[in-house]
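# Observations on the three-dimensional arrangement
The chain contents come next:
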Protein chains: 2
Amino acid sequence: MAEVKLFRSWSSSFALRIVWALKLKGVPYDTIFEDLSSKSSLLLQYNPIHKKVPVLVHNGKSIVESLVILEYIEETWKQNPLLPEDPHDRATARFWAQFGDDKVFPPVLDVLRNEGKEQEEGIVKAKESLKYLEEELKGKKFFGGEKIGFADIALGWLAHHENVFEEVTGITLIAEDEFPLLSEWRKTFPDAPVIKENWPPRDKLVTKFQAIREQALVQKLKMAEK
Amino acid sequence: MAEVKLFRSWSSSFALRIVWALKLKGVPYDTIFEDLSSKSSLLLQYNPIHKKVPVLVHNGKSIVESLVILEYIEETWKQNPLLPEDPHDRATARFWAQFGDDKVFPPVLDVLRNEGKEQEEGIVKAKESLKYLEEELKGKKFFGGEKIGFADIALGWLAHHENVFEEVTGITLIAEDEFPLLSEWRKTFPDAPVIKENWPPRDKLVTKFQAIREQALVQKLKMAEK
């Protein structure tokens, strides 16, 4: 058994970050697939506060929160660095990773979960944030420059999950004419070997997020009727 | 003129983190005090996305987002490390810093800005999170152990601003009998030399946050009348 264990779900985009980072570094690990509707006692023991995946367990000690885990991986296994050497460039990578979680993910989720006015507000906010990412990609292949780095891994869900959301909602947030560089990155990033080999099955994700959208809309209807 | 510049406001708890980190490391810097109701063009140029303080400018390059700036400071000036050496301990410090921003700050702000049901919900959520911090302090003087570290700096607002909020709202979130270790830390942390010397004036903060609370309550009343 490997000394590294990853608790994940098959669909979590946050857990995928850790898969990609470990694979890019060539770190062997065991996977424990969690059913998030019935979490294992081991998961609750390793992440008692957030009770979420991903959890990385290394030599019996757990690390939680995907961006914190990425930093841990970077510091523990030095090969194939995810962060550049220069402190300012490192700060830039960390900035975009956090920006994705704070300013892109929430409105994109609003688009998935709503219709009408709330959805439109989500679209406006998401595009506002996406414009900054488009700008950042100028003259670069990846957010990390010539190779996949910390910010690419953190923003990877935009290439994958968000693409699935577009199919589910019928709303294209990242159109080629509006976001040409981001659109290109959405093709280049998942085409990299390690990423391509660890891409959850699209059909299954479409079904999952269709159900999530429907459930959210029903929930809203119920709230409105109250 | 120093090669390091800090854009801050007199009252921002996020900016205070940077003041404390630079002082703990003994890094000389110039301060630019911003009036947040009329931001300078330089601030907008250095932080065009979030348009917020703090911004650190080092050798002409800007770094934004207080936790990202703390990492930058740690990597650029190695003396008096804020993070421990062991990667797992580093992950723990980063976890608590982020936990404070994600799970403590928002409900504490809800308590400040609301009354009635919303305020009560804020109290419950805030205390739920504070319990984890209390637990984390078991057997330790600071979150960083024997000395002030990354998480202490990130959570410093709990010793300072939150204390002011308690005066403004009349609600004691961190009572000595309920949170003895956290209460003790709230005395020990601000008593450390560098911290003590860089503590914004309490009276002025009380006035400021009284106004913020009143404004929020009036705003809510207006929304309810619509």
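Residues numbered from 1 in each chain as written. Chains lettered and ligands numbered in written order. Predicted model: local features only at pLDDT ≥ 70, side-chain atom pairs only at ≥ 80, totals over all residues. Heavy atoms only, no water.

Under an unreviewed UniProt entry, the name given to chain A is glutathione transferase, and the source organism is Rubus argutus. Under the heading Catalytic activity (unreviewed entry), UniProt records this for chain A: "RX + glutathione = an S-substituted glutathione + a halide anion + H(+)". According to the UniProt record, the Sequence similarities (unreviewed entry) comment for chain A is "Belongs to the GST superfamily." (UniProt positions renumbered as here; feature names shortened; annotations may be inferred.)

With that settled, consider unusual backbone geometry. All names here are of chain A. For the bond from Val53 to Pro54, the omega torsion is 0°, close enough to zero to count as cis. In this structure, Pro54 sits in the loop between helix H2 (41-46) and strand S3 (55-58). One non-glycine residue, Lys51, lies in positive phi territory at about 55°. Overall, Lys51 belongs to the partly exposed group, its relative accessible area being 35%. (Helix = DSSP H or I, 4+ residues; strand = E, 2+ residues; numbered from the N terminus. Buried < 20%, exposed > 50% of the residue type's maximum accessible area, 1.4 Å probe, protein only.)

Residues and elements named next belong to chain B. With mixed pairing, four strands are arranged side by side in an open sheet as S2-S1-S3-S4. Two strands in the sheet have a free side with no partner beyond their single neighbour: strand S2 (30-33) and strand S4 (61-64). For this sheet the average axis-to-axis angle between neighbouring strands, irrespective of direction, equals 20°. Taken together, the four bridges between strand S1 (residues 4-8) and S2 define a ladder with parallel strand orientation. Directly across from Phe7, in S2, lies its bridge partner Ile32. (Pairing = 2+ DSSP bridges. Axes fitted to C-alpha atoms, helices over the stretch in contact; angles between N-to-C directions.)

Residue and element names in this part refer to chain A. Along its sequence, chain A is carved into domain 1 (4-76) and domain 2 (87-196). Computed over C-alpha atoms, the centres of domain 1 and domain 2 are 22 Å apart. Across the boundary between the two partners, domain 1 contributes 13 residues, which contact 15 residues of domain 2. Between domain 1 and domain 2, a total of about 1300 Å² is buried, with carbon and sulfur atoms accounting for 70% of that surface. Three residues stand out in domain 1 for area buried against domain 2, namely Arg17, Trp20 and Leu67, and they jointly supply 43% of the buried area on that side. The interface formed by domain 1 and domain 2 holds two salt bridges in total. Inspection of the region where domain 1 meets domain 2 yields four residue pairs in polar contact (both at pLDDT 80 or more). Broken down by element, the residue count for the side of domain 1 that touches domain 2 peaks at eight residues, all from helix H1 (residues 13-25). (Domains from an automatic or database assignment. Contact = heavy atoms within 4.5 Å. Buried area = accessible area lost by both parts, 1.4 Å probe. Salt bridge = Lys/Arg side-chain N within 4 Å of Asp/Glu carboxyl O. Polar contact = N/O pair within 3.5 Å; in protein donor to acceptor, adjacent residues only side chain to side chain.)

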